[in-house]
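# Examining the three-dimensional arrangement
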Amino acid sequence: MERLSIEELTSIVLIFKGYEGKYPSAKLFIEEIKCGITFDRESSKDEMVKDYLNLHDIDEDKLAVKLYNLLENHPVEFEKLYLGIEKFWKVEVTNVQERLKELNLIELVALSNSY
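### Re the packing of aromatic side chains
Applying the stated criterion across every chain yields a total of nine aromatic pairs. Ring geometry for F16 and Y23: centres 5.1 Å apart, planes at 20°, overall stacked. In this structure, F16 and Y23 share a single accessibility class: buried. Look at F16 and F29: their rings are 5.1 Å apart centre to centre, the planes differ by 15°, and that puts the pair in the stacked class. Taken together, the residues span a long stretch of sequence, with F16 in the loop between α1 (6-15) and α2 (26-43) and F29 in helix α2 at a distance of 13 residues.

In structure tokens:
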């Protein structure tokens, strides 16, 4: 599997900024990310999210394929990612990179490089 980049991981957490309610099932979670990137790149009310997505130009289709591969081939790692994203915004985040490290999501990205 291709590894997730820091930019892709950051894009994923930004999609769920302000998300309220129950997190979707794994497959719907991936589709939410795919559609969220497309939508937020154009229409996000959060300028920081919109600017980040436009600056980094993440290919949402390729990212979805990577996530589906992670889900199918490495479900434990996918679950770590899923739970980390679910916890990400439960506290006030002042530095996205630091929060990724706190939740051990940076290490997960590094592990995906070996697949």
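### What to know about the packing of helix α4 (residues 60-73) against helix α5 (residues 75-88)
Orientation of α4 relative to α5, taken along the N-to-C sense of each, is 125°, at an axis distance of 5 Å. Relative to α5, α4 is oriented oblique. For the pair formed by α4 and α5, the contact residues are L67, L70, L71, E72 and N73 on the first element and P75, E77, F78 and L81 on the second. The residue makeup of the contact of α4 with α5, split by class, is six nonpolar, one polar and two charged.

Rules and cut-offs
Residues numbered from 1 in each chain as written. Predicted model: local features only at pLDDT ≥ 70, side-chain atom pairs only at ≥ 80, totals over all residues. Heavy atoms only, no water. Phe/Tyr/Trp six-rings, centres within 6.5 Å; stacked < 30°, edge-to-face > 60°. Buried < 20%, exposed > 50% of the residue type's maximum accessible area, 1.4 Å probe, protein only. Helix = DSSP H or I, 4+ residues; strand = E, 2+ residues; numbered from the N terminus. Axes fitted to C-alpha atoms, helices over the stretch in contact; angles between N-to-C directions. Parallel < 35°, antiparallel > 145°, perpendicular 65-115°, else oblique. Contact = heavy atoms within 4.5 Å. Nonpolar A, V, L, I, M, F, W, Y, C, P; charged D, E, K, R; others polar.

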